[in-house]
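Understanding the architecture of this molecule
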Amino acid sequence: MKRQIEIFTANCPVCDPVVKMVKELSCDSCEITTYNMVDQCDDKSCLTKMQEYGVKRIPAVAVDGKLLECCTNSGISKEKLIEAGIGKAS
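Named according to an unreviewed UniProt entry, the chain is Thioredoxin family protein originating from Autumnicola patrickiae.

Structural data, given as structure tokens:
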């Protein structure tokens, strides 16, 4: 089963390294969707996802439909991404 990873970004100097780190850590069991919140998406589903997950700041990462704890409190860390299963085959 693929791990669903969703990244909320603004394509800014703060977000870009996080997107890169997630992509570098990902494996064959990871399916990544990136939402550019500046451009938004044509059908606005990215805004719905953002509200559904309770994203209050970006960059933010959700794994399998759950916003990572590091995205609600402090910041995104490599350790929290690995702990969430990014980069590990199922």
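The full count for this structure, using the stated rule, is zero disulfides. This cysteine, cysteine 27, is not joined by any disulfide, and cysteine 30 carries the nearest cysteine sulfur, 3.8 Å off.

Attention now goes to the packing of aromatic side chains. Centre distance and the angle of the planes are the two values used to describe a pair of aromatic rings. For the coordinates displayed, the defined rule picks out two aromatic pairs. Look at phenylalanine 8 and tyrosine 53: their rings are 6.1 Å apart centre to centre, the planes differ by 85°, and that puts the pair in the edge-to-face class. Placement of the pair is phenylalanine 8 in strand β1 (residues 3–9) and tyrosine 53 in helix α2 (residues 45–53), with a sequence separation of 45 residues. As far as burial versus exposure is concerned, phenylalanine 8 and tyrosine 53 are alike and both buried. One aromatic cluster is present, formed by Phe8, Tyr35 and Tyr53 through successive ring pairs.

Moving on: the pattern of salt bridges. As enumerated under the stated definition, the model contains three salt bridges in all. Across the pair glutamate 6 and lysine 49 runs a salt bridge whose closest N-O atoms are separated by 3.3 Å. You can see glutamate 6 sitting in strand β1 and its partner lysine 49 sitting in helix α2, a full 43 residues away along the chain. Using a relative accessible area of 7% as the deciding quantity, one classes glutamate 6 as buried. With a shortest N-O distance of 3.8 Å, glutamate 83 and lysine 80 are connected by a salt bridge. In this pair, glutamate 83 and lysine 80 both sit in helix α3 (residues 78–83), three residues apart, roughly one turn of the helix. With a relative accessible area of 59%, glutamate 83 lands in the exposed category.

Here the focus is the pairing of strand β2 (residues 30–36). Judged from the seven bridges that link them, β1 and β2 form a sheet pairing that is parallel. If you follow phenylalanine 8 over to β2, its bridge partner there is tyrosine 35. Chirality of the crossover, the property in question, places the unit of β1, helix α1 (residues 15–25) and β2 among those that are right-handed.

Calculation rules
- Residues numbered from 1 in each chain as written.
- Predicted model: local features only at pLDDT ≥ 70, side-chain atom pairs only at ≥ 80, totals over all residues.
- Heavy atoms only, no water.
- Disulfide = S-S within 2.5 Å.
- Phe/Tyr/Trp six-rings, centres within 6.5 Å; stacked < 30°, edge-to-face > 60°.
- Helix = DSSP H or I, 4+ residues; strand = E, 2+ residues; numbered from the N terminus.
- Buried < 20%, exposed > 50% of the residue type's maximum accessible area, 1.4 Å probe, protein only.
- Salt bridge = Lys/Arg side-chain N within 4 Å of Asp/Glu carboxyl O.
- Pairing = 2+ DSSP bridges.
- Right-handed = clockwise from strand over helix to strand, strands pointing away.

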